[in-house]
Structure formats: C-alpha cells, structure tokens
Amino acid sequence: MSTATMPADSATASNKDVRVHHRACNLCEAICGLEIRVAGGEILSIRPDDADPLSLGHICPKAVALKDLYEDGDRLRKPLRRTESGWQEMAWDDAFDLVADRLCSIVEQHGGDAVANYLGNPTVHNYGGLTHGPRFLGTIKTKNRFSATSVDQLPHQLLAYWMYGHQLLVPIADIDRTDYLLVLGANPMASNGSLMTVPAFPKRLKALQARGGRMVVLDPRRSETAEVADEHLFIRPGTDAAFLAGLLKVIDNDNLGHPGKLAAMEDGLEVALADIGALDLDKLAAHCGIKVETIQRIAREFAAAPRAAAYGRMGVSTQQHGTLCQWLIQLLNIVTGNLDREGGAMFTRPAVDLVDNPTSRPGSFGRWKSRVRGLPEFGGELPVAALAEEVLTPGEGQVRALITVAGNPVLSTPNGTQLDRALDSLAFMVAVDFYLNETTRHADVILPPTCTLEHDHYDLIFHSFAVRNTARYSEALFERPADARHDWEIFEALGDRIAKRLGAKRAPHPRPDQVIDMGLRIGPYGGMKKHPLNLSLAALKAAPHGVDLGALEPCLPERLANPGKFILCAPPEMIAALAVFASELDDDKPGAALSLIGRRHVRSNNSWMHNSQRLVKGPVRNHLLMHPDDLAAHGLADGAMVRVASRVGAVDVIVEASDTMLPGVVSLPHGWGHDRSGTRIGIAEAHAGVSPNDLTDELRLDAVSGNAALNGVPVTVIAA
Ligand SMILES: Nc1nc2c(c(=O)[nH]1)N[C@H]1C(S)=C(S)[C@@H](COP(=O)(O)OP(=O)(O)OC[C@H]3O[C@@H](n4cnc5c(=O)[nH]c(N)nc54)[C@H](O)[C@@H]3O)O[C@H]1N2
Ligand SMILES: Nc1nc2c(c(=O)[nH]1)N[C@H]1C(S)=C(S)[C@@H](COP(=O)(O)OP(=O)(O)OC[C@H]3O[C@@H](n4cnc5c(=O)[nH]c(N)nc54)[C@H](O)[C@@H]3O)O[C@H]1N2
Ligand code: SF4
Ligand SMILES: [Mo]
C-alpha cells in the first residue's frame, strides 16, 4: 500500500525522447511528490518523487491511475447540451451564453436565492477553483450555497472559528515527534490522512513506534489503521463523546492536567471541565461500550506521555455529536498542555498563509438559516442535507436552478435518492465537470475543464494542514488541447457574462498563479516579511521537488485570531450541546436496529475513478461488512444478497462476513451506486456497487453544525 509504481511496460521510446516531470499529486490530501516519465504525449511511468520533502517516497495506486484519467476517452472535452435526442456538443461561447442567459432569467424572475450551487470535494484540490470559484459564484447573490464541507469537516472549521478565531486554524497532530497518538474515527492507512496532510503515514507510524511511541485507535471496525495500531478499542458508533468526556473527567479528577503555557491564554476551561466533571463515569462507559478501567488507563497514558496528540476525523465528524467530539478533542489536547507543543497538536505555517492574509475570511455562523428547516449558515454556506428540500418545497425563495462544480452530491450527500428526484425537477442545471455522472446527468449543460495534468498546481489548502511546513509548485505536464478551458477560465467567462447581464460591476482579477505569487511574497517566508528565503513563484519554479520549510513550530498566542488572543474553551453552543448529550445518557437504551457506518479503500476515490481498471482491479470492495454472529442471528449466509433498509430507503447488496466489525454494526463504503440509468460509463458491472447515501438520512445531523450524520445510521438487514 505504501509504494506503488507503474511499470514502464509501454517504454518503447528511446531514452532521449523521454521527459521527466515532477509534480505534486492532487487526488487526495497527502499531496505526494510524483515523478512522471513521458514520451511525446504518452505517460510511461508514474513513480514517487523521492526528493519531495514531505512525502518521503510515498505514493498510492491512485496516482498511477492518473494515466487512465488523462487518457480516458470517456472524459468530456467539449461542452455538452441536453437535447431531445440526447447530449450534443456545443461551442464554448455558445455554452457560456446559454448558461448565463438561463441563470440570469431565473434570477430576474425569482431572485438570487432561486439559484443554488454545490462545490464538490475536488474543488479544494484545484487551486484555480479556489482562487476563482467563489468569485464566480458571488456574481449571483444567493443564500443557497452548499458544498462537501457539510458532509465532511464542518465541525473542525466551526470549532476552529469559535475557539481559535479562524476556521482554518485547525491543529494538526505532530506525528513525527509525538509519543502517543490517539486516533478516533480515522483510517489514514486507507485515506492517506485527512485534515492532517500526512503522506507516508505507514512510514511515519513505524518511526513513531520505533521510538517507543504508541498509537491507540477507536473505531467500530478493526480498520487497516487499527490493524497496525498498538491498541484498538471497538467503540459503538456515535458514542465517542462519552469516551472523550470520560477521559477529560478522569484527567481533571485525578489532577493529571497540566496546560502549561496555555493556562495564560485559555478562557473558560474551568467552566467546560466543571460541566464534564458532573457526568457519571459509569454511564459514559456504558454508553460507548468501553470499560471504566480502560477509560481511566487511556486517560492516564495520554496525560503521562511527554508528547501526545488526539486526532479525530470522518468517523467523529460525520455523526450526530460531530462538533461535540471535535470540541472534546481540542480540550483534551489543551488540558494536557499538548496544544501548540512539539509532538502535540500544532498549527502548520504554510507559505501561502490563508489565516494571516488580507483576503482571509475567519468564518461566520448563523447569519442566515435555510428556508425550509432553519439550518444555520457557516462560512456563507448552508448544510447540504437541506439542498433537496429547498428544491422540492414550493414557496418564496424556492431553488429552481443549480450550479454544481466538481461534485456528485447524488452519491455523496444524505438521501441521494431524494436529491436525484429533486434535480429532475429543476428549471435549469449547469455542471462544471469532466464526467457524466449520477449528478451531472441531470444538467442542461456540462462544461468540462482541463484535467489535472493539463494545468499547473499549488496546493493552497493542504499545505496549510500538513505535518511539516513545505511548499511546492507544479507546472502543467501536458499542454492543454486547443479549445480547452481551465476551471478558473470557465468561472471567469461565466462570471463576466452574468455580471454584465445583471448590471453588476466586476473588477479584473489576477490569474491563479499571480494570486499564488502574491500570497507567497506576503506570506511568512516571503520577501515582504523580510524572510531570508524570499519565497515567490519564481523561487518555487526553481525548486521543482518542493521546498522544505521545517518542522511545525509553536506559534501561540501570536497566531490566535480571537480578540485578545485567547483560546475560547467554552463556546456557549458547546456547553448547551454537552447538556443535551448528558440528558441522552439518562435514557440510553440500545435499539434493535443495526448501525451503519462508512469506510474508504485505497483503491477508490470518493465517487469517481471507478472506471480505472488499474485502480479498482482485484476483489470487489463495496460489499456490506457484517460480523459473523450478526449474520447467524439474522439467518444470513456469507455472500448472500441482502436488503439493507433505513427510514429513507433500501439497497440490495452482497453481505460479507467480517470479524473486523463490532457486532451490531455494518459497514458500506460511499461513492458507489453507478447503476442509475445511463451513468455506468466504463465501469464494470461488478464495480457498480450501491450507495450508502440511499440509506443515510437527511434529517440525521450533528445538531450543532448541521453536518450530515453519515455514520451510525439505524438500518435493518434481511435476505433480499
Ligand atoms: N456515506 C458517506 N458519504 C460521504 C462520505 C462518507 O464518508 N460516507 N464522505 C463525504 C466526503 S468526506 C466528501 S469530501 C464527499 C465527496 O463528494 P463530492 O463532493 O461529490 O466529490 P467527489 O465524489 O470527489 O466528486 C467527484 C466529481 O468531481 C469531478 N472532478 C474531479 N476533478 C475535477 C476538477 O479538477 N474540476 C472539476 N470541475 N471537476 C472535477 C469528477 O469528475 C467527479 O465527477 O463525499 C461525502 N459523502
Ligand atoms: N483512497 C482514498 N483516500 C481518500 C478518500 C477516498 O475516497 N479514497 N477520500 C478523501 C476524503 S474526501 C476524506 S474526507 C478523507 C477521510 O479520511 P478518514 O477519515 O481517515 O477516512 P475514513 O475511511 O472515512 O475513516 C473513518 C473511520 O471512522 C470509522 N467510524 C465510523 N463511525 C465511527 C464512530 O462513530 N466513531 C469512531 N470512532 N469511528 C467511526 C470508520 O470505521 C472508519 O474507519 O479521506 C481522503 N482520502
Ligand atoms: S496518497 Fe493521495 S496524494 Fe499521495 S499518491 Fe495517493 S492519491 Fe496522490
Ligand atoms: Mo472529504
């Protein structure tokens, strides 16, 4: 899993024709360095760039599949328009005019809120999407902005905003120096890390263990990461808040806390600990299914470790207590003095600093609410669990048109079946995407941008969450085909036309590379900060393997963005959420239903790339996993076709016996379900899979943030 190489089997070209290109992979958060050999227009091999200062020679099989992505004949290259007789190619200018006309006429008739948008995950991996996407979307003033944030890391950003004053001040586990890594609901062995850019996770973990450190993993499934942990504790889905509160209670009770220098900058820690201390440890233990003695032991180990870091990801973010969990994780790091300490949870100092930057947006919460259900805005966006109802519910402000960018919310967001139906009822939809997928098939116009190897790259977001400070700029590998457009050019063309039609002013904007150049110059290693490295785009271009800017360094209180530079430990919303949680403990009866959770595999990438044989080869990995005892109790056999049902729907899928599952819990990966009509393009039947988001419930949310509770969904399983 750690290192994959594509053999140079197609290397018929003579050596002198071969060009070696170095770039950062942008398929996931690990941003590994790649060395790509090409001859003419053909990719001969994709290997790790051993000189990359961050990725330590690591790549995964997805990088190798970049060849398939580039060559794929099914990848769209020309704008498509839906017609009575099927999809038809059209010229770019005609497509831009058509889209601008339709959107503006809807705005004029029904107001800006009638036009919603959804920004999908690959937007954050595409810097032109980041520099120009929001600017384009801002030309239509709408409250109905949605993105993958609210099926993902919304709790992290909300807490960072509340506690540290900026949504991007997310502490990162300093894995290279820690002695104790406590991992809740993350599987970096498969995901390669998230909100912790940690390429070469296996190597870094081995180094941690070799220096005598420990990794303890809490997960309802013995995941690939749990397999290599020093200790794995099974936990009931959705109950991590009980375990975390238990740790904090023990640490506080036994006086094991030692916030050190943080004592001078915290505000409200006592208040938070008093409320947590009032909880009953026996009840907490019973709730999460972990013994009191185990909670006490982990608390003591964590507090006693010279350097420790608690880290939680999808499993604890996308559950009903997502924000509560992330808050308790922050408190655990703070109360033990591990926040902002080497080997603890630290803040990255990226070369383009999105926190300390004049254009930076610290965050916002609840400035408006969704029309139908009253869900709160965060950072200008509403929870995507509300998108379908905003389309389907008539009335003033109803969504009638949708812009999607780099996303597939029909497969990625809760109750995808309902969204599928909602998209059918739209007056107009445009998708910026280079594939026809389960979502874009509803569009009236699809605008396909260039693919990743055809444009340059600077990882604006993931350099900001990395376990080491580095910077890297990648040139385009291939010249784009004539008449192709980058994402940002599509946004500019549409934005200009829409602004003109709506009579709005639009100032000229620098290109993405110019934005980065300026960001580097005013950044912490730039000339304008008088830093000796004098970083600029030119400096990065001269260092094609990337620049090492050193290990993470303590930076508090200076880097805090709250007034007075305090860490606000007791946000009122969290104190209230804790009280609600405490009341739930009192009537805690396990239900009869099974609990559905998700998983990721290194040979899959969210909802796409399933048409790459090179990537998905091997056994089918999208079956339902269920403990053998549960199978027996339900009278089911390993390999049987079963029907999984929830409040919102049902799917038929093959069940696989697996003793990696906690009894009572079943697991199904997301991003599959390609058998919706006309979309299984290039995907083998066996790899079509089913979508767990036809089971996840748009009404089950993290109550504080509105983040989707994709994990812990009550389901029944019967023979199909
Ligand atoms: N049940 C369940 N659901 C989940 C999750 C889960 O764990 N369980 N995970 C959630 C998470 S964390 C996320 S991030 C979301 C992801 O879900 P989405 O936001 O829907 O993102 P993807 O599935 O990655 O979207 C892929 C689409 O982006 C297009 N694309 C790729 N690169 C580019 C590009 O450079 N430009 C453009 N314009 N398009 C591009 C691809 O062609 C593809 O159609 O899914 C969420 N859904
Ligand atoms: N190969 C590959 N890599 C990816 C992606 C991909 O699709 N494929 N997607 C990328 C994206 S968009 C993201 S956001 C990251 C996500 O990165 P991770 O969060 O590391 O990945 P997941 O596999 O979603 O891990 C979630 C874990 O939480 C566990 N879990 C579920 N419910 C609970 C619970 O209630 N409590 C606890 N403690 N655990 C629970 C699951 O069993 C699972 O092991 O991965 C990224 N990397
Ligand atoms: S781990 Fe992520 S960044 Fe690294 S090669 Fe794989 S997909 Fe690319
Ligand atoms: Mo994600």
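Residues numbered from 1 in each chain as written. Chains lettered and ligands numbered in written order. Predicted model: local features only at pLDDT ≥ 70, side-chain atom pairs only at ≥ 80, totals over all residues. Heavy atoms only, no water.

**A closer look at the overall build of the protein chain**
Put simply, the test is: Under the scheme used here, helices are H or I runs from DSSP no shorter than 4 residues and strands are E runs no shorter than 2 residues, and both carry numbers assigned from the N terminus. Based on C-alpha atoms, the radius of gyration is set beside the globule rule, defined as 2.2 Å times the residue count to the power 0.38. Note on exposure labels: buried denotes an accessible area under 20% of the residue type's maximum, exposed denotes more than 50%, and partly exposed covers the range between, all computed with a 1.4 Å probe on protein chains only. Two residues form a contact once any of their heavy atoms are found within 4.5 Å. His is not counted, nor are the chain ends; Lys and Arg add positive charge and Asp and Glu add negative charge. One atom stands in for each charge, and that atom is NZ of Lys, CZ of Arg, CG of Asp or CD of Glu.
Scanning the protein chain from N- to C-terminus turns up 23 helices and 30 strands. For 720 residues, the compact-globule formula gives about 27 Å, and the C-alpha radius of gyration of the protein chain, at 25 Å, lands near that figure. On the principal axes, the C-alpha backbone points of the protein chain span a range of 70 × 65 × 55 Å. When the 720 residues of the protein chain are sorted by exposure, 62% land in the buried category. Sequence-distant contacts, at least 24 apart, represent 74% of the contacts inside the protein chain between residues at least 6 apart. Taking the average place of the 72 positive charges on the side chains of the protein chain and the average place of its 86 negative ones, the gap between the two points comes to 4 Å.

**Some points on the environment of Val-292**
Following the sequence through the fold, Val-292 ends up in helix 12 (residues 292–304). Taking C-alpha positions, Val-292 is 54 Å from Leu-537, a pair spaced 245 residues apart along the chain. With residues near it in sequence (within four places) discarded, Val-292 still touches Leu-281, Asp-282 and Ala-285.

**Let's talk about the domain arrangement of the protein chain**
Counted only if it meets this: Domain start and stop positions are those given by an automatic or database domain assignment. Buried area is a sum: the accessible area each of two parts loses on coming together, probed at 1.4 Å, counted once for each and added. Just to be clear on terms, a salt bridge is a Lys or Arg side-chain nitrogen sitting within 4 Å of an Asp or Glu carboxyl oxygen. N or O atoms closer than or at 3.5 Å make up a polar contact, with two conditions inside protein: a donor-capable atom paired with an acceptor-capable one, and, for residues adjacent in sequence, both atoms drawn from side chains.
Each domain of the protein chain was delimited in the assignment, giving domain 1 (15–71), domain 2 (80–152 + 355–459 + 473–509), domain 3 (174–341 + 561–580) and domain 4 (591–719). Its C-alpha centre places domain 1 at a distance of 29 Å from the equivalent point of domain 2. Listed per partner, the contact involves 17 residues of domain 1 and 15 residues of domain 2. For the pair domain 1 and domain 2, the summed buried surface comes to about 1,500 Å²; carbon and sulfur atoms form 64% of the total. When residues of domain 1 are sorted by the area they lose upon contact with domain 2, Arg-23, Asn-26 and Tyr-70 head the list and together hold 44% of the total. Applying the counting criterion to the domain 1 and domain 2 interface returns zero salt bridges. Between the two partners, domain 1 and domain 2, sit seven residue pairs in polar contact (both at pLDDT 80 or more).

**Concerning the site of ligand 3**
The line we're drawing: We define proximity as follows: a residue is near a molecule or strand when any one of its heavy atoms falls within 4 Å of that partner. Residue type decides the class: Asp, Glu, Lys and Arg count as charged, Ala, Val, Leu, Ile, Met, Phe, Trp, Tyr, Cys and Pro as nonpolar, and the leftover types, Gly among them, as polar.
The local shell around ligand 3 consists of Cys-25, Leu-27, Cys-28, Ala-30, Ile-31, Cys-32, Ile-59, Cys-60, Lys-62, Ala-63 and Asn-192. A breakdown of the residues in the shell around ligand 3 according to their chemical character gives nine nonpolar, one polar and one charged.

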